[in-house]
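# Close look at the chain arrangement
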Amino acid sequence: MLSKHLYLLLNKVKVSAFRLLLKTPDVFASTPMIRGVWGRALNNLDKNLYSLVFVGETADGQSLPRYIIRPAPYDPDTAPALDWILFNVNQNHEKMLWRAWDIACGMGLGKDRSPFLIREIIVISPSNTDQKRSWTLAEIGWPLTGDPSSNPCVLQANVPLRLIKKSQLIDAPNYTDLIVASVRRISGLAGLNRGDEYASMIRAVRKESQQIVANKWIGEKCNLVRWSATQQNEVELFGVTGSIFLPDGPGNLWPLLSAAQWSHLGKGTVYGMGELHIEPFLGA
């Protein structure tokens, strides 16, 4: 029964994902830098759309951005490149978001505001053979060979992850923490409010995840101080990187992990966004 509910939840989140191959002359362009100029361009273009997609304000006042900008997997033939992923964004809004990219290119990067170019756009999807323009989180398969539920694997977070419990950073998240974080983020993207249905889902996945054998988190804290243009002050951000080994596989909750590779686990979209990788276990 839980598997059916998970499928219905994942199927409510439509995804459009693109790899943007860039040309950034005269400046070393970081992902936060590019994100920032795109955000400013979008805010100038359409403040309501900026609030909906970039800030992601929800009815209960939570911040849930409906996009992710992340570095693309390194390839010398395509670098520099980034992945731009949209969640439940309609076609009219998507056109405006592309227009914001055009404006951002002209606004430029770095202290000299050097213009940049998007030299190629590649549609990406979980399937290497079927590059669909849009798909749902329910369509994502298990990335490794073998039975997903019993496939030994390593859950790897190389990008800082920020999971907060009782106003404190979880500095050694366990398997349940990762699963609950995935449900929370996907539920928000799906428009599921924090009512009885949501509470029931959280209880069910928490109970099932606690039955899975998982080694303790191996990792370290990864903190950063950055300048906040909004607050006009330096802000200290706390996160962790590391991994968890599942010797008997992830159980029936594997679709949440597969989805998290695209939706991520954290609330942020640059620092603490919780990008998750599922890696094969290569032995001791």
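Residues numbered from 1 in each chain as written. Predicted model: local features only at pLDDT ≥ 70, side-chain atom pairs only at ≥ 80, totals over all residues. Heavy atoms only, no water.

### Here's the deal with the overall build of the protein chain
From N to C terminus, the protein chain includes 7 helices and 13 strands. Counting across all 284 residues of the protein chain, residues that qualify as buried make up 45%. Once local pairs closer than 6 in sequence are excluded, the contacts in the protein chain between residues at least 24 apart make up 71%. Total accessible area computed for the protein chain in this model is approximately 14,800 Å², and 50% of it derives from carbon and sulfur atoms. (Helix = DSSP H or I, 4+ residues; strand = E, 2+ residues; numbered from the N terminus. Buried < 20%, exposed > 50% of the residue type's maximum accessible area, 1.4 Å probe, protein only. Contact = heavy atoms within 4.5 Å. Areas by Shrake-Rupley, 256 points an atom, 1.4 Å probe, with all protein chains shown as cover.)

### Comments concerning the sheet that holds strand β9 (residues 218-221)
Sheet architecture is open: 4 strands sit in the order β9-β12-β6-β13, paired in antiparallel fashion. Of all strands in the sheet, those bounded by a partner on one side alone are β9 and β13 (277-280). In this sheet, adjacent strand axes meet at a mean angle of 20° when their direction is disregarded. One ladder, built from 6 bridges, connects strand β6 (residues 153-161) with strand β12 (residues 240-246); its direction is antiparallel. Each bridged residue has a counterpart across the sheet, and for L161 the counterpart in β12 is V240. Its contacts with the sheet place helix α7 (residues 254-263) against β6, β12 and β13, and it is angled at close to 125° to β13. (Pairing = 2+ DSSP bridges. Axes fitted to C-alpha atoms, helices over the stretch in contact; angles between N-to-C directions.)

### A word on the pattern of salt bridges
This structure, assessed with the given rule, holds 4 salt bridges. R70 serves as the salt-bridge partner of D83, at 3.7 Å between the closest nitrogen and oxygen. One end of the pair, D83, is in strand β3 (residues 81-87); the other, R70, is in strand β2 (residues 67-71), and 13 residues separate them in sequence. Comparing D83 with R70, the two get one shared label, buried. For E94, the salt bridge goes to R133, with nearest N and O atoms at 2.6 Å. Taken together, the residues E94 in helix α4 (residues 91-107) and R133 in the loop between β4 (117-124) and β5 (135-136) connect sequence positions 39 residues apart. One salt-bridge network, held together by shared partners, links R19, R70, D83 and E275. (Salt bridge = Lys/Arg side-chain N within 4 Å of Asp/Glu carboxyl O.)

### A closer look at the packing of helix α5 (residues 175-190) against α7
For any two helices packed against each other, one specifies the inter-axial angle together with the distance between the axes. Two numbers describe how α5 lies on α7: the axes approach to 10 Å, and their chain directions differ by 60°. With respect to α7, the axis of α5 lies oblique. Handedness of the α5/α7 crossing: left-handed. Touching Y175, I179, S182, V183, R185, I186 and L189 of α5 are L256, L257, A259, A260 and S263, all from α7. Tallied by class, the residues present in the contact of α5 with α7 amount to 9 nonpolar, 2 polar and 1 charged. (Parallel < 35°, antiparallel > 145°, perpendicular 65-115°, else oblique. Left-handed = near helix turned anticlockwise from the far one by under 90°. Nonpolar A, V, L, I, M, F, W, Y, C, P; charged D, E, K, R; others polar.)

### What to know about helix α6 (residues 196-209)
The end-to-end C-alpha distance of α6 is 20 Å, a good match for the 20 Å that 14 residues give at a rise of 1.5 Å each. Among all positions in α6, only Y198, M201, I202, V205 and S209 are buried. What you see down the axis of α6 is that its buried residues fit within an arc of 100°, all on one side. Those residues of α6 that are exposed and angled more than 90 degrees off the buried face are D196, R203 and K207. Elements in contact with the buried residues of α6: α1 (2-10), α5 and α7. (Expected span 1.5 Å × (residues − 1). Arc of directions from axis to C-beta.)

### Let's talk about a positive patch on the surface
Together, K165, K166, R184, R194 and R206 make up a positively charged patch on the protein surface. Take R194: it is sitting in the loop between α5 and α6. Residue classification places R194 among the exposed residues on the basis of a relative accessible area of 51%. (Patch = residues over 30% accessible without salt bridge, like charges linked within 9 Å, V, L, I, M, F, W, Y side chains within 5 Å. Lys, Arg positive; Asp, Glu negative; His and termini not counted. Charge placed at Lys NZ, Arg CZ, Asp CG, Glu CD.)

### Topic: unusual backbone geometry
Residue P80 is bonded to the preceding A79 through a cis peptide linkage, with omega at -5°. Its identity is not glycine, yet S167 carries a phi of approximately 65°, on the positive side. Topologically, S167 is positioned in the loop between β7 (164-165) and β8 (168-169). A relative accessible area of 68% places S167 in the exposed class. Unlike most non-glycine residues, H264 shows phi in positive territory, near 70°. Taking relative accessible area as the criterion, H264 reaches 1% and is therefore assigned buried.

### Details of the nonpolar core
Core analysis: the biggest nonpolar cluster contains 50 residues, and L137, L155, V205 and L256 have the highest contact counts within it. Mapped by element, the contributors of at least two residues to this core are α1, β1 (14-23), β3, β6, α5, α6, β12 and α7. The element best represented in this core is α5, accounting for 9 residues. In terms of nonpolar packing, the next biggest core, distinct from the first, is built from 26 residues, F18, I34, A41 and V53 among them. (Core = buried A, V, L, I, M, F, W, Y, C linked by side-chain atoms within 4.5 Å.)

### Re the pairing of β6
When β6 meets β13, the two strands line up antiparallel, connected through 4 bridges. Across the sheet, the residue bridging to Q156 is H277, located in β13.

The analysis is restricted to geometry; functional conclusions fall outside its scope.
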